[in-house]
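# Topology and contacts: notes
Listed below are the residues making up each chain.
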Amino acid sequence: MTLTKKPESRPAAATWGLTARGIPWEYAPAPESTDHIEIRAEYGLFIDNRFAPSRPKVTFEVINPATEEPLARVAKASKADVNRAVAAARRAHDTVWSRLPGSERAKYLYRIARIIQERSREFAVVETMNSGKPIKESRDVDVPLAAAHFFYYAGWADKLDYAFPGRQPRPLGVAAQIIPWNFPLLMLAWKIAPALAAGNTVILKPASTTPLTAYLFADVVRQADLPPGVVNIITGPGEIGMELVRHPDVNKVAFTGSTAVGKMIGRAVAGSRKKLTLELGGKAANIVFDDAPLDQAIEGIINGIYFNQGEVCCAGSRLFVQESVYEPLLDKLKARLSTLRVGDPLDKNTDVGAINSAGQLAKIKELVQSGIEEGAEIFQPDCELPDRGYFFRPTLFTGVSQSHRIAQEEIFGPVLSVLTFRTPDEAIEKANNTPYGLSAGVWTEKGSRIFKMVGAMKAGVVWANTFNRFDPTSPFGGYKESGYGREGGIHGLAAYLDMSADGTNGR
Ligand code: NDP
């Protein structure tokens, strides 16, 4: 990283997102190299450890959202392909994977974890090119955490009886896993690692905009010499996801994505013996009390909502500030917002990259417009956006009332709504006034207040004096319209196990 003094003669346009206010220097461009990356022109479906075209052969285009340029074409699966993938997973489950001792399954998982680490640079660059997220996030968060999930669940594979004493844990069978575009590799790891550790086989459907790290992972599966059919990856539109969900030979469905699709999936599996985990949307409250260390809280607020362009289900998108510190906090927040660098996701200094798709950008713009029309006051730093690609300025709204759409709906973009409160009870009531319940944050120096707030907030995860921290040992999941079931930790393992007395769960 090179810090250069800004020469007086430098053209004013080259500010890389910084305003002149109080910042006398700027970062030199630091683009990550793409020389070592090989993205194939076309990817087939990955079934039985082989890449093969869909039947009939149909493909669709995948682009780089930061440049709008094509990256590759990928296969569009048909119903017949879904049947083939499920048959491959069933065969692998019944004949090989469920029969292996846990200690053998663990060896494969450790191998996958190590290969992800070895190929981490490749994964990070492809993830950034395909999703639009800043390279420093894919490099320092997504990829290391994905490897950590495989390491963690490898450790449990031969200890299932110890994890659930007296319960006779058995694999469920074939798992259908549908993941979104905001953390493509990490969501893959959250889904595949516990499923394999528990002895299940899987068919994964990535989001149509972000399949490339999943197909890179398919390469890892072959490199790790996993038996054919244990991991299958198919691409195609939402209807193909639904074919997978409805398939009679699937025993477990795990979905991460929008609440609307989650409800459809819930209806589709109702009445069957399929086990279901739904990880859906959120509208998290991040609550700052007047005794909080404000500078630390500012970093937590920024990380809470502008990390991954705010395309995070647990993003701290509603900020509640105690009235007595509202003005100093807002001044600091606006100043900090003005230092965020928006632009080329492959630049190592970029803080806010590209929005994942034109559709998502349109949704963000529509909701921001509604905030303006409903009377909230908008603040955006004065930064330049690249000419091409799907970019949006980090935004905050003040004067927001609880009934505004920007305070109620999941925006899934870099947009923060700021509200105020006077007492802890008022904060709790306002924070819980949402159909969602995925996460929340509390900033205070009083331990007793933290415990009171954690107990009172209807959210699956509550962070205290930090935000958006993830660890494979810690369960993650929601209340209400944020879904049910947990991923991560021992709870995430239980979601892939049949612990019924007669061993018929899911069959
Ligand atoms: P979706 O819920 O539509 O997509 C998530 C995954 O589900 C993708 O793999 C998608 O495939 C698949 N899918 C879509 N329709 C169906 C279906 N009928 N049956 C089975 N699978 C299906 O999210 P969007 O991409 O449309 O995003 C819309 C909004 O959802 C966002 O603005 C955001 O608010 C929220 N969202 C929340 C996420 C979270 O982590 N909680 C993640 C992503 C979005 P395909 O990509 O082919 O459509």
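Below: a short report on this structure.

Calculation notes
Residues numbered from 1 in each chain as written. Predicted model: local features only at pLDDT ≥ 70, side-chain atom pairs only at ≥ 80, totals over all residues. Heavy atoms only, no water. Salt bridge = Lys/Arg side-chain N within 4 Å of Asp/Glu carboxyl O. Helix = DSSP H or I, 4+ residues; strand = E, 2+ residues; numbered from the N terminus. Buried < 20%, exposed > 50% of the residue type's maximum accessible area, 1.4 Å probe, protein only. Polar contact = N/O pair within 3.5 Å; in protein donor to acceptor, adjacent residues only side chain to side chain. Near = heavy atom within 4 Å. Areas by Shrake-Rupley, 256 points an atom, 1.4 Å probe, with all protein chains shown as cover. Nonpolar A, V, L, I, M, F, W, Y, C, P; charged D, E, K, R; others polar. Pairing = 2+ DSSP bridges. Contact = heavy atoms within 4.5 Å. Axes fitted to C-alpha atoms, helices over the stretch in contact; angles between N-to-C directions.

Within the structure shown, the criterion is met by 27 salt bridges. One salt bridge connects aspartate 295 with lysine 332, and the closest N-O pair in it is separated by 2.8 Å. Of this pair, aspartate 295 sits in helix 10 (residues 294-306) while lysine 332 sits in helix 11 (residues 326-337), placing them 37 residues apart in sequence. Residue glutamate 299 pairs with arginine 336 through a salt bridge whose shortest N-O separation is 2.9 Å. With glutamate 299 in helix 10 and arginine 336 in helix 11, the pair connects residues that are 37 residues apart, well separated along the chain. On the accessibility criterion, arginine 336 (24% relative accessible area) is partly exposed. Among the charged side chains, a salt-bridge network with shared partners connects Arg40, Arg119, Glu122 and Asp219.

Our next topic: the environment of serine 500. By the secondary structure assignment, serine 500 is in the segment after strand 22 (497-498). Taking the C-alpha atoms as reference, serine 500 lies 8.2 Å from proline 169; in sequence the two are 331 residues apart. Only 2.7 Å separates the side chain of serine 500 from the side chain of aspartate 498, close enough to count as a polar contact.

Another aspect to go through is the site of the ligand. Taken together, 27 residues surround the ligand, and among them Trp181, Ser208, Ser258, Lys363 and Glu410 come closest. At 2.7 Å, a side-chain N or O of lysine 363 approaches an oxygen atom of the ligand. Glutamate 410 is positioned with one of its side-chain polar atoms (N or O) 2.8 Å from an oxygen atom of the ligand. Protein chains shield 83% of the accessible area of the ligand, which is 860 Å² for the free molecule. No other element matches the three residues that helix 8 (residues 238-246) contributes to the shell around the ligand. Partitioning the shell around the ligand into residue classes produces 14 nonpolar, ten polar and three charged.

Right, let's get into the sheet that holds strand 3 (residues 42-43). Strand order in the open sheet formed by three strands is 3-7-6, and the pairing between neighbours is mixed. The open sheet terminates on both sides in strands that have one partner only, identified here as strand 3 and strand 6 (59-64). Relative to strand 7 (residues 69-75), strand 6 runs antiparallel, the two sharing six bridges. The residue bridging threonine 59 from the neighbouring strand is alanine 75, located in strand 7. The sheet contacts of helix 3 (residues 120-131) involve strand 6 and strand 7, and relative to strand 6 the element is tilted by about 100°. Together, strand 3, strand 6 and strand 7 form the strand contacts of helix 7 (residues 212-223), whose direction differs from that of strand 7 by roughly 55°.

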